[in-house]
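# Inside the fold
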Amino acid sequence: MDAISIGLLGLGTVGSGVITIIENHQDKLMHQVGCPIRVKKVLVKELGKDRAVKINEAHMTTNIEDIINDPDIDVVIEVMGGVDKTKEYLLQAIKNKKHIVTANKDLMALYGSELLTAAKENGCDLFYEASVAGGIPIIRSLVDGLASDRITKMMGIVNGTTNFILTKMTQEGLPYDSVLKEAQDLGYAEANPASDVEGLDAARKMTILATLGFSMKIDLDDVKATGITTITEEDLHYAKQLGYTMKLLGIAQRNDGKVEVSVQPTLLPQSHPLASVHNEFNAVYVYGEAVGETMFYGPGAGSLPTATSIVSDLVAVVKNMRLGVNGSLAVAPQHEKNLKGSEEIYSKYFLRLHVKDEVGVFAEITSVFSKHGVSFEKILQLPVKEEDLAEIVLVTHLASLKNYEDILMELRDLKAMKEIKSSYKVEGSAGA
């Protein structure tokens, strides 16, 4: 084969990493695919700007048409972000028989099915390993490494910003606002961090993972997402006292052909492997009927880790070109969408209440739980300083989401109830 020509859309942090790996690992890539790989043209917002990598300005363009309509370009690598316009660019590139590698989780969560269908119809590959967990090869592991197994559950820390914030809050006892500012100063959080801290970024990634892992088309609207903005130092203190660590977890689970997918702050036993994943690192815990439990851990973002996944996808594209099988390996979802109702979703829950410090109040609370068949695994009761209130911290046994939501509504109506301070999902049992 002659040299493979690449069109690169975007030359920011990740795009610079792609250039660096292709240039510095050319001998390794040649050995893998049997021909040179060259970046022919790079789309940038402006020319003449200082950049992290040196590249001849003759290879840059501000016009997308110079890449997607160039007949000599074999593969388009998209790392510029955006959704609707980017989708149209990639659809046009696919119609022009160009293979696609993208790191765009937003795009794949919203339009992945449409793009994959177009790619298959045009005999093109569309790979997106870097869209979920940066340098962690989780998509390839699900599609190839665990292809013979039936995945029953995936549970992951898939957002480095929120994991950094929760790590600092837990280890140093700092409030959310101050840790968020530190994360922004260090470049871990955007100036507008809403997508990360409200759980939307993680929800998009879990949409992709659930679709692949369960071979069922899951849409972003199917994922119930709750962020970390209301978590307090007190919540983390009590969680630790009870033997738990707080993480923002994406959880996708399948039982009897029905699926649930959510992103929410969750208490994990301190002995769980995910509890030791700190700072900006990501990890995905996968349960398979045959393989049992496996965990994939590593950097979830960053220039070179993410670029490593992108260039690995590029290698897969070129190998398929040599074999003449581009666009033929994609597998459509096997199962029709079948989501659990709230009465079919079961979990344990952590609940922190402020109530009037009066005789009989706890009995009232207990009766509400008992009415719905929910019992307690752990209980803490403490006075609230300088107020005539008591603080009650509970961890329930398994309860359906419907029953738990009904319990919360009834608790709010109790005369002795001052405030429901916090409520979180609990995974597993702590030894404390």
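Being a predicted model, the structure only gives us computed values, none of them experimental.

## So, the overall build of the chain
- Secondary structure summary: the chain contains 15 helices and 17 strands in total.
- Here the C-alpha radius of gyration of the chain, 24 Å, is about what a compact globule of 432 residues would show, namely 22 Å.
- When the 432 residues of the chain are sorted by exposure, 52% land in the buried category.
- Of all intrachain contacts in the chain linking residues separated by at least 6 positions in sequence, the fraction that spans at least 24 positions is 73%.
- Surface summary for the chain: the accessible area is close to 19,500 Å², and the carbon and sulfur share equals 49%.
- Separation of charge centres in the chain, based on 44 positive and 58 negative side chains, amounts to 2 Å.

## Overview of the packing of aromatic side chains
- Taken as a whole and judged by the stated rule, the model has seven aromatic pairs.
- Pairing Phe164 with Tyr188 gives two aromatic rings, centres 4.7 Å apart and planes at 50°, and the pair type is tilted. With Phe164 in helix H8 (residues 160-172) and Tyr188 in the loop between helix H9 (176-185) and helix H10 (194-197), the pair connects residues that are 24 residues apart, well separated along the chain.
- With relative accessibility at 5%, the residue Phe164 sits in the buried group.
- The partly exposed category is assigned to Tyr188, whose relative accessible area is 31%.
- When the centroid spacing of 6.2 Å and the interplanar angle of 50° are considered together, the rings of Phe362 and Phe376 count as tilted. Of this pair, Phe362 sits in helix H14 (residues 361-371) while Phe376 is found in strand S14 (residues 376-384), placing the two residues 14 residues apart along the sequence.
- Residue Phe362 is classed as partly exposed on the basis of its relative accessible area, which comes to 28%.
- For Phe376, a relative accessible area of 19% corresponds to the buried category.
- An aromatic cluster of three or more residues is present, and its members are Phe362, Phe369 and Phe376.

## Side note on a negative patch on the surface
- Together, Asp357, Glu358, Glu364 and Asp388 make up a negatively charged patch on the protein surface.
- Inspection of the secondary structure assignment puts Glu364 in helix H14.

## Topic: the nonpolar core
- Residues Ile138, Ile165, Val286 and Phe350 are the most contacted members of the largest nonpolar core, which totals 76 residues.
- With seven residues, the top contributor of residues to this core is helix H11 (residues 200-214).
- Core analysis: the second largest hydrophobic core is formed by 30 residues, Ile21, Ile22, Val101 and Ile310 among them.

## Re the packing of helix H1 (residues 13-24) against helix H2 (residues 26-33)
- Running from N to C, H1 and H2 cross one another at 75°; their axes reach a closest spacing of 5 Å. It follows that H1 is roughly perpendicular to H2 by the angle criterion. Judged by residue contacts, Ile21, Ile22, Glu23 and Asn24 of H1 engage Gln26, Asp27 and Leu29 from H2.
- Classifying every residue of the contact of H1 with H2 gives three nonpolar, two polar and two charged.

## Digging into the side chain of Thr86
- In this structure, Thr86 sits in helix H4 (residues 84-95).
- Setting aside anything within four residues of it in sequence, one finds Thr86 in contact with Glu78, Met80, Gly81, Asn104 and Leu107.

## So, the pairing of strand S13 (residues 346-356)
- Judged by how many residues are buried, S13 sits mostly within the fold: nine of 11 residues are covered.
- Across two bridges, S13 lies against strand S16 (residues 399-400) in antiparallel orientation. Within the sheet, the bridge partner assigned to Tyr346 lies in S16 and is Ser400.
- In terms of strand pairing, S13 meets strand S17 (residues 417-426) through eight bridges, oriented antiparallel. When the bridges of S17 are listed, Leu351 appears paired with Ser423.
- As paired strands, S13 and strand S15 (residues 389-396) are joined by seven bridges and run antiparallel to one another. Following the sheet pairing, Val355 is matched in S15 by Ala390.

## Comments concerning the pairing of strand S4 (residues 75-78)
- The alternating pattern of S4 places Val75 and Ile77 on one face and Val76 and Glu78 on the opposite face, and all of these are buried.
- As paired strands, strand S1 (residues 4-9) and S4 are joined by four bridges and run parallel to one another. Bridge pairing links Leu9 to Glu78 in S4.
- For the segment spanning S4, H4 and strand S5 (residues 99-102), crossover handedness is right-handed.

## Regarding the packing of H1 against helix H13 (residues 303-323)
- Running from amino to carboxyl end, H1 crosses H13 at an angle of 60°, the nearest separation of the two axes being 8 Å. With respect to H13, the element H1 is oriented oblique. For H1 against H13, the interelement crossing comes out right-handed. Packed against H1, whose contacting residues are Thr13, Val14, Ser16, Gly17, Val18, Thr20, Ile21 and Ile22, the element H13 presents Ser303, Leu304, Thr306, Ala307, Thr308, Ile310, Val311 and Leu314 at the interface.
- The class makeup of the residues in the contact of H1 with H13 is nine nonpolar, seven polar and no charged.

## So, H2
- Along H2, the positions that sit buried rather than exposed are Gln26, Leu29 and Val33. Buried residues of H2, viewed axially, fall in a sector of 60°; they line one side. Turned more than 90 degrees away from the buried face of H2, the exposed residues are Asp27 and His31.

Reading the values: rules and limits
Residues numbered from 1 in each chain as written. Predicted model: local features only at pLDDT ≥ 70, side-chain atom pairs only at ≥ 80, totals over all residues. Heavy atoms only, no water. Helix = DSSP H or I, 4+ residues; strand = E, 2+ residues; numbered from the N terminus. Rg over C-alpha atoms; globule rule 2.2 N^0.38 Å. Buried < 20%, exposed > 50% of the residue type's maximum accessible area, 1.4 Å probe, protein only. Contact = heavy atoms within 4.5 Å. Areas by Shrake-Rupley, 256 points an atom, 1.4 Å probe, with all protein chains shown as cover. Lys, Arg positive; Asp, Glu negative; His and termini not counted. Charge placed at Lys NZ, Arg CZ, Asp CG, Glu CD. Phe/Tyr/Trp six-rings, centres within 6.5 Å; stacked < 30°, edge-to-face > 60°. Patch = residues over 30% accessible without salt bridge, like charges linked within 9 Å, V, L, I, M, F, W, Y side chains within 5 Å. Salt bridge = Lys/Arg side-chain N within 4 Å of Asp/Glu carboxyl O. Core = buried A, V, L, I, M, F, W, Y, C linked by side-chain atoms within 4.5 Å. Axes fitted to C-alpha atoms, helices over the stretch in contact; angles between N-to-C directions. Parallel < 35°, antiparallel > 145°, perpendicular 65-115°, else oblique. Nonpolar A, V, L, I, M, F, W, Y, C, P; charged D, E, K, R; others polar. Pairing = 2+ DSSP bridges. Right-handed = clockwise from strand over helix to strand, strands pointing away. Left-handed = near helix turned anticlockwise from the far one by under 90°. Arc of directions from axis to C-beta.

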